[in-house]
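Now for the letters of each chain:
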Amino acid sequence: MSPAAPPPRRYGLGLLGFPVGHSASPAMHRAALTMAGLDGDYLLWPVPQADALDGFFARLRSGKIAGANVTIPWKVEAVHRCDELTGDARIIGAVNTLVADATGRIIGHNTDASGLAISVVESFQDHVFRGAQVTVIGAGGAARSAIVAAQRLGVNEVRVYNRTAEKARAVCESLGLGTPFADLEAALAGSNLVLQASALGFNLADDETDALAADLVTPLRGLAPGAALYDLVYKPSPTAWMLAAGRCGFEAVDGLGMLVHQAARAFAIWTGYEPDPQVMLAAARAQLASLAG
Ligand code: NAP
């Protein structure tokens, strides 16, 4: 008698972080599961305290969870619990995607930099960034991914500015860059691309967004002619940075494309299936609209 076929796999996926309630990830990954014709679900796992991470990693190791995304505040903490890190996770020093191999070893990936690089190219198709001068604003995990993405685009110079200079210095040192800029206007002067990776502008009300945009026009005016601005923030959209860039005549987009592409890369790591990012984008947009409404 031939052995019974193994039962079809059920993909238990989800997002580990805190807070996670307003995430668009379940909508995107459920759309990807449907596209791929795979059985499974993508859940939200709010984990406010680090000690709860151990149980979660044990479930991942045992195969009860097929894969996870990691978000704030656990992207760095999770690194120390992985058995192996792939390239970008090692360089960036943070993970956003976890998967266990057949022996229960946990592999940590970071798909943020590749997701951002793909989205920048897709968003600004008429621009050539090889040899460009790029300014990265921020010094958190998103900024580290933005620096790696910029390097991947083959740019000539990456300038970094952050509100807290000390953090910018630490980021530049660990990623092999020179001294960060102490002044936003100087950091932006003559740049061809801005990767806005600070939280400034996130979740503001309409009147606050307008007021911030008015303040940002002066520093953005000094960008090179034909420059582009990619704001990793995507809520609200248009963001204050996008409004200010538009007032100076520059193209600007929000970070939803990055969110979608990092998710598509993560889904491919878990399942081997390459989902259509456009379908995930539509799911993310619908989810964000329903949360805003
Ligand atoms: P993080 O590690 O907490 O870092 C926050 C950064 O924002 C720091 O550089 C901080 O500066 C700066 N910042 C916060 N409030 C500020 C303010 N009022 N004025 C100026 N700078 C301010 O967070 P993160 O993970 O890097 O995320 C940063 C932003 O990127 C978030 O808004 C997040 O939504 C967005 N993001 C988007 C994606 C995507 O897929 N599109 C992915 C990841 C993150 P200090 O060092 O001075 O505190």
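Quick caveat, the model's predicted, so the values are computed rather than measured.

Looking now at helix α8 (residues 206-220). In this model α8 runs 20 Å from its N-terminal to its C-terminal C-alpha over 15 residues, within 8% of the 21 Å that 1.5 Å per residue would give. At A214, α8 shows its largest bend, some 25°. Where α8 is buried, its residues contact α7 (184-188), β10 (228-231) and α9 (240-247).

Okay, the site of the ligand next. With respect to spatial proximity, 21 residues lie near the ligand, and among them A139, A142, N162, R163 and T164 are the closest. A139 is positioned such that a nitrogen or oxygen atom in its backbone is 2.9 Å from an oxygen atom of the ligand. A distance of 2.9 Å separates an oxygen atom of the ligand from a polar backbone atom of A199. Listing elements by their share of the shell around the ligand, those giving two or more residues are α5 (141-152) and α10 (256-271). Tallied by class, residues from the shell around the ligand come to 12 nonpolar, seven polar and two charged.

This part takes up the domain arrangement of the chain. On domain assignment, one finds that the chain holds domain 1 (10-110 + 260-292) and domain 2 (113-254). The distance between the C-alpha centroids of domain 1 and domain 2 comes to 26 Å. Each side of the interface is counted separately: domain 1 has eight residues, and domain 2 has 13 residues. The junction of domain 1 with domain 2 conceals about 920 Å² of combined surface from both sides, 58% of it contributed by carbon and sulfur atoms. Sorting the residues of domain 1 by area buried against domain 2 places D88, I92 and H261 first, and these three jointly supply 53% of that buried surface. The interface formed by domain 1 and domain 2 includes one salt bridge. Taking the shortest distance from any N to any O, the salt bridge between D88 and R152 comes out at 2.8 Å. Inspection of the domain 1/domain 2 interface yields three residue pairs in polar contact (both at pLDDT 80 or more). Elements with a contribution of two residues or more to the side of domain 1 that touches domain 2: α3 (87-92) and α10. Taken together, the residues of the side of domain 1 that touches domain 2 sort by class into three nonpolar, three polar and two charged.

Cut-off values and rules
- Residues numbered from 1 in each chain as written.
- Predicted model: local features only at pLDDT ≥ 70, side-chain atom pairs only at ≥ 80, totals over all residues.
- Heavy atoms only, no water.
- Helix = DSSP H or I, 4+ residues; strand = E, 2+ residues; numbered from the N terminus.
- Expected span 1.5 Å × (residues − 1).
- Bend = angle between axes of the 7 residues up to and from the residue.
- Contact = heavy atoms within 4.5 Å.
- Near = heavy atom within 4 Å.
- Polar contact = N/O pair within 3.5 Å; in protein donor to acceptor, adjacent residues only side chain to side chain.
- Nonpolar A, V, L, I, M, F, W, Y, C, P; charged D, E, K, R; others polar.
- Domains from an automatic or database assignment.
- Buried area = accessible area lost by both parts, 1.4 Å probe.
- Salt bridge = Lys/Arg side-chain N within 4 Å of Asp/Glu carboxyl O.

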